[in-house]
Amino acid sequence: MLDIVIIGAGAAGLAAARRLVDKGASFRLLEAKPHIGGRVVTDSATLGAPVDLGGHWLHSPALNPLTPLVDRYLFHVKQGPEDFRVARNRAILSGPEHDECFAYVDDCFAKIAAIGDGEHDCPASALFPVRGKWHDFFEANFIAKQGVTLAQSSALDFARYVWEGDDWPILDGFGALIVRHAQGIPVELETPATHIAWGGRNGVAVETPRGTIEARAVIIAVSTGVLANEVIRFSPSLPDRKQQAIADLPLGSCNKVALGFTRNPFGDVDSMMLMPDLGATESVEFVVREGGHNIVTAMLNGPFAKELAAQGARPTADYALTQLAAIFGNDVKACVTDRIVFADWDHDPWIRGCYAAAKPGRYAARAELGLPIEHRLFFAGEAVHHCYMGDVHGAHLTGEAAAEAALAALRGE
Ligand SMILES: Cc1cc2nc3c(=O)[nH]c(=O)nc-3n(C[C@H](O)[C@H](O)[C@H](O)COP(=O)(O)OP(=O)(O)OC[C@H]3O[C@@H](n4cnc5c(N)ncnc54)[C@H](O)[C@@H]3O)c2cc1C
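Residues numbered from 1 in each chain as written. Predicted model: local features only at pLDDT ≥ 70, side-chain atom pairs only at ≥ 80, totals over all residues. Heavy atoms only, no water.

1. Focus on the overall build of the protein
In plain terms, the rule: To qualify as a helix, a DSSP run of H or I must reach at least 4 residues; to qualify as a strand, a run of E must reach at least 2; elements of each kind are numbered from the N terminus. For the radius of gyration, the atom set is restricted to C-alpha positions; the globular benchmark scales as 2.2 Å times the number of residues to the power 0.38. Here, two residues are considered to be in contact whenever any of their heavy atoms come within 4.5 Å of each other. Only the protein chains shown count as cover for residues, with accessible areas throughout obtained via the Shrake-Rupley method and a probe of 1.4 Å. When charges are counted, Lys and Arg contribute as positive and Asp and Glu as negative, whereas His and the chain ends are disregarded. In this description, the location of a charge corresponds to atom NZ of lysine, CZ of arginine, CG of aspartate or CD of glutamate.
Scanning the protein from terminus to terminus reveals 13 helices and 18 strands. Rg of the C-alpha trace for the protein: 21 Å, near the compact-globule value of 22 Å for 413 residues, within the 12% margin. Its C-alpha atoms give the protein principal-axis dimensions of roughly 65 × 50 × 40 Å. Considering only contacts within the protein whose residues lie at least 6 apart along the sequence, 73% involve residues at least 24 apart. Of the accessible surface of the protein, which amounts to about 17000 Å², a share of 51% is contributed by carbon and sulfur atoms. In the protein, the 36 positive side-chain charges and the 50 negative ones have mean positions that sit 4 Å from each other.

In structure tokens form, the structure reads like this:
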């Protein structure tokens, strides 16, 4: 009998497959979409330069197990700290006002991090009974990191996220890097798992529209959004504790729209991350002219982004262009092209959001989600990692760990 079926060819599923190849185990890797990568995918065609629809930055590059791939495959990153700016009242701030704003934001993030060693959890919003002048901007920043509001997020979960150093954008595309690294791994595309029967004496039976696959174990490497919406049915049902963990780790929202320009209407701006101060809930970041390309990628975050994306690509692009024009002037409208790269992760049936954020009081759900069931159901994906949650490298590490755990179980250890 086949050793293992892996469901989902995102960063986690691909890492699990790579580990099984190295160990000589037999496996089949099923992917619902017509391409691999999941939430890490690059569009290099539409705007004539690589645009990542999802993951783009190597977070914590010194700790990140994927950093060596950049040199191995001759990819390019922009090293060093990001040029992160705030725009307020149509102007990009500099000098003391810029410093004051970011000092406030840093203090707020430090306040959340400070609770990380304890066990007491609360909504992150409860840590801020007093709102300073820059509080709305801080909250919009928080939403940009977590995909949900302060009130929707477990403070302890956020505090336990580990980040160190910088964030390096992968200029050739993070998705392209993942595809390059996956070369040689056999994947069955457009083959969604619809049902997993695990009630027999041994093994599992995974149903797909192309037939049923029997194996000794299964690694489930899909998002909690997919699991919560019962895109895959289980017989018997998953235990209550597992279902509760899935419900406690809902996906937030981060969608993207990238616009191309026929010339540079942004002055001497080059590779800038710009966040307009639009209030606590309208969380928008622009990556302006990264790598010197006349492209702006807007990241739209949180509940507001989900509503906007539901209107479609054109309204989302128009919104981004209006905000850009407010800062850089109407010239941006004169030289924008009609080509749009649009990623609506909320309404993607195989994903259903950006990354999992634990509900207040439920930071322990990640550990629960990661526990195997009866030595034959194993779980991987960004939501499972205890400190690199939400990240490509977190997903990758959980895929490797799930493969090791499944192999150990099959050996009877
Ligand atoms: C807009 C955005 C920006 C981001 N930015 C960054 C960043 O800069 N840096 C970073 O490190 N991380 C970033 N992330 C997060 C990162 O992309 C994810 O955490 C990571 O890619 C998740 O990988 P995964 O393998 O856990 O899940 P996924 O990528 O969701 O992979 C799961 C796969 O399973 C497939 N699937 C689903 N259901 C089925 C089924 N029934 N049968 C078969 N296949 C199925 C899906 O199609 C998908 O390919 C970002 C995410 C988004 C959305």
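2. Considering the sheet that holds strand 17 (residues 336-343)
What holds strands together in a sheet is hydrogen bonding between their backbones, with the strands either parallel or antiparallel. Our working definition: Two strands make a pair as long as DSSP finds a minimum of two bridges between them. Here the axes come from fitting lines to C-alpha atoms, over the contacting stretch only for helices, and the angles between their N-to-C directions go from 0 to 180 degrees.
In space, the 7 strands of this open sheet follow the order 7-6-14-15-16-13-17, with mixed pairing throughout. Pairing within the sheet leaves two strands with one partner each, and these edge strands are strand 7 (91-92) and strand 17. Sheet analysis places strand 14 (residues 272-276) next to strand 15 (residues 283-288), joined by 3 bridges and oriented antiparallel. Paired with Leu274 across the two strands is Phe286, which belongs to strand 15. Against the sheet, helix 10 (residues 313-328) touches strand 6 (83-88), strand 7, strand 13 (254-261), strand 14, strand 15, strand 16 (295-301) and strand 17, its axis set at about 65° to strand 13.

3. A few points about the site of the ligand
Quick note on the threshold: We call a residue near a given molecule or strand whenever any one of its heavy atoms falls within 4 Å of it. Any pair of N or O atoms that falls within 3.5 Å is considered a polar contact. Within protein, one atom must be able to donate a hydrogen and the other to accept it, and sequence-neighbouring residues count only if both atoms are side-chain atoms.
Neighbouring the ligand are 38 residues, the closest being Ala12, Glu31, Arg39, Trp57 and Val392. Between Glu31 and the ligand, the recorded distance is 2.6 Å, taken from a side-chain N or O atom to an oxygen atom. Here His59 contributes a side-chain N or O atom positioned 3.1 Å from a nitrogen atom of the ligand. Burial of the ligand by the protein chains amounts to 99% of its free accessible area of 1000 Å². Elements with a contribution of two residues or more to the shell around the ligand: helix 1 (11-23), strand 5 (57-59) and helix 13 (392-410).

4. Examining helix 1
Where we set the bar: To estimate the expected span of a helix, subtract one from its residue number and multiply by 1.5 Å. Residue exposure (1.4 Å probe, protein chains only): buried if accessible area is under 20% of the type maximum, exposed if over 50%, otherwise partly exposed.
Here helix 1 spans 19 Å end to end across 13 residues, near enough to the 18 Å set by a 1.5 Å rise per residue. Residues of helix 1 that are buried include every one of Ala11, Ala12, Gly13, Leu14, Ala15, Ala16, Ala17 and Leu20, and no others. Contacts made by the buried residues of helix 1 are with strand 1 (2-7), strand 2 (27-30), helix 6 (174-181), strand 11 (211-220) and helix 13. Phi turns positive one or two residues past the end of helix 1, at Gly24, with a value near 75°.

5. Brief notes about the packing of helix 3 (residues 95-113) against helix 4 (residues 135-146)
How two helices sit against one another is set out by the angle between their axes and by the gap between those axes. What counts is decided by this rule: In these notes the angle categories are as follows: under 35 degrees is roughly parallel, over 145 is roughly antiparallel, 65 to 115 is roughly perpendicular, and the rest is oblique. Crossing handedness is defined as follows: a turn of the near helix away from the far one that is anticlockwise and smaller than a right angle gives a left-handed crossing, while the clockwise case is right-handed. Classification convention: Asp, Glu, Lys, Arg as charged; Ala, Val, Leu, Ile, Met, Phe, Trp, Tyr, Cys, Pro as nonpolar; all other residues, Gly among them, as polar.
Helix 4 packs onto helix 3 with a crossing angle of 55° between their chain directions and a minimal axis gap of 9 Å. Taken together, the axes of helix 3 and helix 4 are oblique relative to one another. For the pair helix 3 and helix 4, the sense of crossing is right-handed. Two secondary-structure elements touch here, helix 3 through Cys101, Phe102, Tyr104, Val105, Cys108, Phe109 and Ile112 and helix 4 through His135, Phe137, Phe138, Asn141, Phe142 and Lys145. Of the residues that constitute the contact of helix 3 with helix 4, the class distribution is 10 nonpolar, 2 polar and 1 charged.

6. Considerations on the pattern of salt bridges
This is how it is decided: Any Lys or Arg side-chain nitrogen found within 4 Å of a carboxyl oxygen on Asp or Glu counts as a salt bridge.
Inspection of the entire model under this criterion finds 20 salt bridges. Between Asp248 and Arg362 there is a salt bridge whose closest N-O contact spans 2.2 Å. Taken together, the residues span a long stretch of sequence, with Asp248 in the loop between helix 8 (240-247) and strand 13 and Arg362 in the loop between strand 17 and helix 12 (365-370) at a distance of 114 residues. A relative accessible area of 30% means that Arg362 is categorised as partly exposed. Here Asp318 and Arg314 are joined by a salt bridge, their closest N and O atoms 3.1 Å apart. Of this pair, Asp318 and Arg314 both sit in helix 10, 4 residues apart, which is roughly one turn of the helix. Judged by relative accessible area, which is 36%, Asp318 ranks as partly exposed. Shared partners join several salt bridges into a network, and the residues in it are Arg19, Lys23, Glu400 and Glu404.

7. Some remarks on the domain arrangement of the protein
The condition is simple: Residue ranges assigned to the domains are those given by an automatic or database domain assignment. Throughout, the accessible surface (probe 1.4 Å) given up by two parts as they are put together, summed over both, is called the buried area.
Each assigned domain of the protein is listed here: domain 1 (2-37 + 182-250 + 362-410) and domain 2 (83-161 + 254-343). When each unit is reduced to the centre of its C-alpha atoms, the spacing between domain 1 and domain 2 is 32 Å. Across the boundary between the two partners, domain 1 contributes 8 residues, which contact 7 residues of domain 2. Across the domain 1/domain 2 interface, buried area totals approximately 660 Å², and carbon plus sulfur atoms make up 47% of it. Considering only the side of domain 1, the residues that lose the most area to domain 2 are Tyr363, Cys387 and Met389, jointly responsible for 72% of the buried surface there. Applying the counting rule to domain 1 against domain 2 returns 1 salt bridge. Ionic pairing is found between Arg366 and Asp157, a salt bridge with its closest N-O pair at 2.8 Å. Inspection of the domain 1/domain 2 interface yields 3 residue pairs in polar contact (both at pLDDT 80 or more).

8. Notes on the environment of Ala395
On the secondary structure map, Ala395 appears in helix 13. Looking at Ala395, the relative accessible area reads 8%, which means it is buried. Sequence separation between Ala395 and Leu14 is 381 residues, and the spatial gap between their C-alpha atoms is 9.7 Å. Not counting the four nearest positions on each side in its chain, Ala395 is found in contact with Ala11, Ala12, Gly381 and Glu382.

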